[in-house]
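What the coordinates show
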Amino acid sequence: MNWRDRLNRFMYGRYGQDQFSRFLLIVCLVALVISFFVRIPGLGIVVLLLLGYVYFRTLSRNVTARYAENQKFLELKERFLGLFRRNGSHARQQQDHMIFRCPKCSQKIRIPCGKGMVEITCPKCRTKFRKRT
Ligand SMILES: [Zn+2]
């Protein structure tokens, strides 16, 4: 049995990594880098506790609870990112619309997202083509 099988057996039925754990690890890493430059009392303990929590989540067998935590984290992240999106019209345009190119004259055409299969008529050369949005 090689180390990979052993790891698989060990991790069987356990939750493993998710976006929330990765985010916490990044927070720990940033905190460690900061602690090289600035002495913040108690930061080392906070990092240790966070790392302990990440290990606890990764090895947890309560997959449902961990999944719910991750969903909550993703929701908060989306809401946080949404604060910036409202200000940037470019980012908003990219989210709500897709850019297609006419197959004939390569005119750029902006189409709203999430409409399914649509027939697009090029405003320049009147070529019709179908795309999934
Ligand atoms: Zn065209």
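Anyway, here's the lowdown on the structure attached to this text. (Residues numbered from 1 in each chain as written. Predicted model: local features only at pLDDT ≥ 70, side-chain atom pairs only at ≥ 80, totals over all residues. Heavy atoms only, no water.)

1. Some points on the pattern of salt bridges
Our working rule: Any Lys or Arg side-chain nitrogen located within 4 Å of an Asp or Glu carboxyl oxygen qualifies as a salt bridge. Segments assigned H or I by DSSP are reported as helices when at least four residues long, segments assigned E as strands when at least two residues long, and all are numbered from the N terminus. With a 1.4 Å probe rolled over the protein chains alone, any residue whose accessible area is under 20% of its type maximum counts as buried; one over 50% counts as exposed, and the rest are partly exposed.
Under the criterion given, the structure shown has four salt bridges. A salt bridge links Glu-69 to Arg-57; its shortest N-O distance comes to 2.7 Å. Here Glu-69 is found in helix α4 (residues 63-85), whereas its partner Arg-57 is found in helix α3 (residues 43-59), with twelve residues between them in sequence. Overall, Glu-69 belongs to the partly exposed group, its relative accessible area being 23%. Notably, a salt bridge pairs Arg-79 with Glu-75, separated by 3.0 Å at the nearest N-O pair. Residue Arg-79 and its partner Glu-75 are both found in helix α4; the two are separated by four residues, about one turn of the helix. On the basis of relative accessibility, which here comes to 55%, the residue Arg-79 falls in the exposed class. It is possible to trace a salt-bridge network through shared partners that takes in Asp-18, Arg-57, Arg-66 and Glu-69.

2. Some points on the packing of aromatic side chains
The criterion, for reference: Any pair of Phe, Tyr and Trp rings, taking the six-membered ring for Trp, is counted once the centres come within 6.5 Å. Such a pair is stacked with planes under 30 degrees apart, edge-to-face with planes over 60 apart, and tilted for the rest. Geometrically, a lysine NZ or arginine CZ counts as sitting over a ring once it is within 6 Å of the ring centre and also within 35 degrees of the ring normal.
What the rule picks out here adds up to five aromatic pairs. Ring geometry for Phe-20 and Tyr-53: centres 6.4 Å apart, planes at 80°, overall edge-to-face. Of this pair, Phe-20 sits in helix α2 (residues 19-37) while Tyr-53 is found in helix α3, placing the two residues 33 residues apart along the sequence. Using a relative accessible area of 15% as the deciding quantity, one classes Phe-20 as buried. Between Tyr-53 and Phe-56, the ring centres sit 6.2 Å apart and the planes meet at 25°, which makes this aromatic pair stacked. Note that Tyr-53 and Phe-56 are positioned in helix α3 at a spacing of three residues, about one turn of the helix. Three or more aromatic residues link up through ring pairs in this structure, and these residues are Phe-20, Phe-23, Tyr-53, Phe-56 and Phe-73. Sitting over the face of the ring of Phe-10, Arg-14 holds its NZ or CZ atom 4.4 Å from the ring centroid.

3. Examining the coordination of the zinc ion
Going by this rule: Metal sites are built from N, O and S donor atoms within 2.8 Å, or 3.2 Å for Na, K and Ca, and they leave out water, so they may look incomplete. Between 85 and 135 degrees for all angles marks four donors as tetrahedral; over 155 degrees for opposite donors together with 65 to 115 for all other angles marks four donors as square planar and six as octahedral; every other arrangement is irregular.
Surrounding the zinc ion are the protein donor atoms Cys-102 (SG), Cys-105 (SG), Cys-122 (SG) and Cys-125 (SG), which sit 2.2 to 2.3 Å from the metal. Bound by four donor atoms, the zinc ion shows angles of 108 to 114° at the metal and therefore tetrahedral coordination geometry. Each donor residue of the zinc ion belongs to the same chain, with the gaps between them written as C-x2-C-x16-C-x2-C. Taken together, the residues span a long stretch of sequence, with Cys-105 in the loop between β1 (97-101) and β2 (108-112) and Cys-122 in the loop between β3 (117-121) and β4 (128-132) at a distance of 17 residues. Residue class for Cys-105 comes out partly exposed when judged on its relative accessible area of 25%.

4. Some words on the packing of α2 against α4
Inclusion rule: Geometry is summarised by axes, namely lines fitted to C-alpha atoms with helices restricted to the contacting stretch, and by angles between N-to-C directions that run from 0 to 180 degrees. An angle counts as roughly parallel when it lies under 35 degrees, as roughly antiparallel when it exceeds 145, as roughly perpendicular when it falls between 65 and 115, and as oblique in every other case. Only heavy atoms matter for contacts: two residues are in contact if any of them lie within 4.5 Å across the pair. Under the scheme applied, nonpolar residues are Ala, Val, Leu, Ile, Met, Phe, Trp, Tyr, Cys and Pro; charged residues are Asp, Glu, Lys and Arg; polar residues are all the others, including Gly.
Their axes nearest at 8 Å, the elements α2 and α4 cross at an angle of 65°. Here α4 runs roughly perpendicular to α2, going by the angle between their axes. Contact residues: α2 offers Gln-19, Phe-20 and Phe-23, while α4 offers Glu-69, Asn-70, Phe-73 and Leu-74. When the residues that make up the contact of α2 with α4 are grouped by side-chain class, the tally is four nonpolar, two polar and one charged.

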